[in-house]
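# Commentary on secondary and tertiary structure
The lines below spell out each chain.
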Amino acid sequence: MDTHRPALDWIDQQVPALTEELMALAAINSGSFNADGVTRVAERLAPRFAALADEVEWIEVAPYRSTANDGSRRERGLGKALRLRKRAGAPLRFFAGGHLDTVFPVDSPFQTARRLGEDRLNGPGVADLKGGLLVLWLALAALERSPQRERIGWELLFNPDEEIGSQSSAPLLREAAGRNHFGLIYEPAYPDGSLASARKGSGNFDVVVRGRAAHAGRDFHAGRNAVVAAAHLVQGLAALNGERGALTLNPAFISGGGPLNIVPDLAVLKFNVRTEAAADEDWLQAQLERLLGELQSVEGITVSVHGGFTRPPKPFDARNQHLAGLIQDCGRALNLPLAFKPTGGCCDGNNLHAYGLPNVDNLGVVGGEIHSDREWMSIPSLAERGKLSALLLLRLANGELSWT
């Protein structure tokens, strides 16, 4: 530890300035569909990280495709991704990343950060994930101050669409997985400081149900009610909960109908599935086909489905356990006991694992109540988690720890 003490002490000294920087980042609205705001967050971060990098690349990503309430498919533009690389030819290379977007849209009333006493911030994205991006900077800046840095190279990706499934940035994650040995993702740690082991997989589905409009009084029986058909589908989907292990299904959105004197001819349903094992996907697809077949057996009702599984389950396999063990070893050196526990949540770590890259994916700040206006992060965890990642990288760089 004495060898690394100057770098770790340097991290402690950065916390006051980084706290102010985090509050400034939180004040930039970067809801996933606020493309300008997402890009502005990247532009604010870019000079800080570019000063450490060999290569800096701004990347336009494909638009996000979704189903509108009228059943049509639409595209929405996204902010830019930012990719940086250092020592691409080093013998040991890692990928690190985090997302620029938040769940808070441009018209959200939750737009600024504030202090909650001396040790906490409350604000949009302070934990998920803007605080984590600053933890990553601390770790990299500490590494780049070390004379052993030449042995280890890195690639960073700040993507604009993680909160909506990383549909457009998935190809960039796949590319990175093929170039590196392990991954570090800076989602927030849990409120008790623990980290994620196994993660569930996830899929998002849009179902467009079309019927036949008719006068609700004069010609009711000639109509085919799309809202009723969609309601039957919701009941069938909800009944799948508890049928297969820990798989859960959440019908989360439904739209349809209009004037009360018209039999509605359109309904749009959206639902999310969480899977525990890869085989769950085939089971769910079979159940969905069965339920859709029942709907479409009614004359005049047609159904179309969009979307699918975007994040496979992430098991806590041997390679992930090895990386977790290295991190726990560094935690012990810092008097920071770390537990790993499974979660139903998912993130880009799922995608990276599916592409063959072992990773630990919530190395960011300690925080909680994310995706709500109560979101908070622990200010001391900026240094605490910065030192954890820095020590891992420094010890890998000088050979104290071995990746293989």
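Attention in this report is confined to the structure presented alongside it.

What counts and what doesn't
Residues numbered from 1 in each chain as written. Predicted model: local features only at pLDDT ≥ 70, side-chain atom pairs only at ≥ 80, totals over all residues. Heavy atoms only, no water. Pairing = 2+ DSSP bridges. Helix = DSSP H or I, 4+ residues; strand = E, 2+ residues; numbered from the N terminus. Axes fitted to C-alpha atoms, helices over the stretch in contact; angles between N-to-C directions. Contact = heavy atoms within 4.5 Å. Phe/Tyr/Trp six-rings, centres within 6.5 Å; stacked < 30°, edge-to-face > 60°. Buried < 20%, exposed > 50% of the residue type's maximum accessible area, 1.4 Å probe, protein only. Lys NZ or Arg CZ within 6 Å of the ring centre and 35° of its normal. Salt bridge = Lys/Arg side-chain N within 4 Å of Asp/Glu carboxyl O. Expected span 1.5 Å × (residues − 1). Arc of directions from axis to C-beta.

With that settled, the discussion passes to the sheet that holds strand 13 (residues 248-256). The strand order across the open sheet built from four strands is 13-15-11-16, with neighbouring strands paired in antiparallel fashion. Taken across any chain shown, the strands that pair with only one partner, and hence form the sheet edges, are strand 13 and strand 16 (302-311). Taken over all neighbouring pairs, the strand axes of this sheet differ in orientation by 15 degrees on average, direction set aside. As judged from the eight bridges shared by strand 13 and strand 15 (residues 266-275), these two strands associate in the antiparallel manner. When the bridges of strand 15 are listed, N250 appears paired with N272. Its contacts with the sheet put helix 5 (residues 226-238) on strand 11 (201-210), strand 13 and strand 15, and the angle it makes with strand 15 is roughly 10 degrees. Across the sheet, helix 6 (residues 279-296) lies against strand 11, strand 13, strand 15 and strand 16, angled at about 170 degrees from strand 16, the strand it touches most.

All chains considered together, the criterion is met by nine aromatic pairs. On the numbers, 5.0 Å between centres and 80 degrees between planes, the contact of F104 with F110 is edge-to-face. Residue F104 shares its accessibility class with F110, and that shared class is buried. Ring pairs connect the aromatic residues F94, F182 and W403, which therefore count as one cluster. In this structure, R48 packs its charged tip against the face of W137, placed 4.5 Å from the ring centre. It is R76 that lies over the ring of F33; its NZ or CZ is 3.8 Å from the centre.

A separate point is the environment of F253. If you trace the backbone, F253 turns up in strand 13. Relative accessible area serves as the criterion here: at 31%, F253 is assigned to the partly exposed category. For the pair F253 and W283, spaced 30 residues apart in the sequence, the C-alpha separation amounts to 23 Å. When residues no more than four places from it in sequence are discounted, the contact partners of F253 are N69, V268, L269 and K270.

This brings us to the pattern of salt bridges. If you walk through the whole model with that rule in mind, you get 29 salt bridges. Taking the shortest distance from any N to any O, the salt bridge between R385 and E384 comes out at 2.8 Å. The partly exposed category is assigned to E384, whose relative accessible area is 28%. In the salt-bridge network here, residues are joined through shared partners; they are R87, E144, R149 and E150.

Looking now at helix 9 (residues 380-397). For an α-helix the count is 3.6 residues per turn, leaving residues at separations of three or four pointing the same way. For helix 9, built from 18 residues, the straight-helix expectation of 26 Å at 1.5 Å per residue is met to within 8% by its first-to-last C-alpha distance of 26 Å. Once helix 9 ends, the next one or two residues include G399, with phi positive near 90 degrees.

Across its 16 residues, helix 7 (residues 318-333) extends 23 Å between first and last C-alpha, which sits within 8% of the 22 Å expected from 1.5 Å per residue. Looking at helix 7, one finds that the buried residues are N320, L323, A324, L326, I327, C330 and G331. One side of helix 7 carries all its buried residues, which in axial view fall inside an arc of 155 degrees. Among the exposed residues of helix 7, those pointing more than 90 degrees away from its buried face are A318 and R332.

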